[in-house]
Amino acid sequence: MKRTSSLPENVWRFCNLLMSLFFGLATYVQINDPDAGLWMVGYAIPASLTLFVSWHPHITETLIWRRLADLYVLIGTAFCAMLGWILVKEGVTDIFQQEEGREFSGLMLTVTWLLLCRHSGRGDIGMIRLCPAVGITIFPFVAWLYYYINTELRSNWPSHCKTAL
């Protein structure tokens, strides 16, 4: 007998599908970046992991998924600390106007999402996990749209950031 999915589980799966789409788009726009290979892999891994969660939420309990996610979180956290230190040292206040700030924000988003996914397949998806998931899912799409519409916010960006999409 096939198990029916509850509304929270369907919302969780949809959030993972949208985040996989966003991470996939972030992978694509890295093509113009000077260090494209690093950042394309950096977004492709969470895109793939979250796509698997959207198809089969219980995959988070498999050893290979956990090891890949844990390794990514470890390396991503180290890079976040390094980029965060650079931003603090340089006294950057508007992080989206600096390359390091955008890289830092993207890494924080991927690390946070993978931590949110961790052990989500153990049981029912509760509101404590679902509410932040919905908010985090909406944020990057709204921010990207906001920066896309307001071209003056992108005026100081390097050319490789302006021509991707």
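Scroll up a little and you will see the structure.
The shown structure was predicted, so the numbers you read here are calculated from the model rather than taken from an experiment.

K.L.:
Describe the pattern of salt bridges, and please don't skip the residues or the numbers.
P.N.:
All chains considered together, the criterion is met by 3 salt bridges. For the salt bridge of Arg13 with Glu9, the shortest nitrogen-to-oxygen distance reads 3.9 Å. Taken as a pair, Arg13 and Glu9 lie in helix H1 (residues 7-29) at a separation of 4 residues, close to a single helical turn. The class for Glu9 is buried, based on a relative accessible area of 9%. Arg122 is the salt-bridge partner of Glu61, the closest N and O atoms lying 3.5 Å from each other. With Glu61 in the loop between helix H2 (36-55) and helix H3 (63-90) and Arg122 in the loop between helix H4 (99-117) and helix H5 (127-149), this pair connects stretches of sequence that are 61 residues apart. Of the residues examined, Arg122 reaches a relative accessible area of 59% and is grouped as exposed.

K.L.:
A description of the environment of Glu103 should follow, citing residues and the corresponding values.
P.N.:
Within the secondary structure, Glu103 is located in helix H4. Glu103 gets classed as buried once you look at its relative accessible area, which sits at 13%. Considered as a pair, Glu103 and Phe79 are 24 residues apart in the sequence and their alpha carbons are 9.3 Å apart. When residues no more than four places from it in sequence are discounted, the contact partners of Glu103 are Asp35, Trp39 and Leu83.

K.L.:
Requested: an account of H5, with residues and values cited.
P.N.:
The first and last C-alpha atoms of H5 sit 33 Å apart over 23 residues, in line with the 33 Å expected at 1.5 Å per residue. For H5, the complete set of buried residues consists of Leu130, Ala133, Ile136, Thr137, Pro140, Ala143 and Tyr147. On its buried side, H5 packs onto H1 and H4.

K.L.:
Go over the packing of aromatic side chains with me, naming the residues and quoting the values.
P.N.:
Tallied over the full model, the rule gives 5 aromatic pairs. Ring geometry for Phe22 versus Phe141: centroids 5.5 Å apart, planes at 70°, classification edge-to-face. One end of the pair, Phe22, is in helix H1; the other, Phe141, is in helix H5, with 119 residues separating them in the sequence. For Phe141, a relative accessible area of 26% gives the class partly exposed. Taken together, the aromatic side chains of Phe22, Phe23, Phe141 and Trp144 make up a single cluster linked through ring pairs.

Calculation rules
- Residues numbered from 1 in each chain as written.
- Predicted model: local features only at pLDDT ≥ 70, side-chain atom pairs only at ≥ 80, totals over all residues.
- Heavy atoms only, no water.
- Salt bridge = Lys/Arg side-chain N within 4 Å of Asp/Glu carboxyl O.
- Helix = DSSP H or I, 4+ residues; strand = E, 2+ residues; numbered from the N terminus.
- Buried < 20%, exposed > 50% of the residue type's maximum accessible area, 1.4 Å probe, protein only.
- Contact = heavy atoms within 4.5 Å.
- Expected span 1.5 Å × (residues − 1).
- Phe/Tyr/Trp six-rings, centres within 6.5 Å; stacked < 30°, edge-to-face > 60°.

Don't take any of this as a statement about function, it's just geometry.
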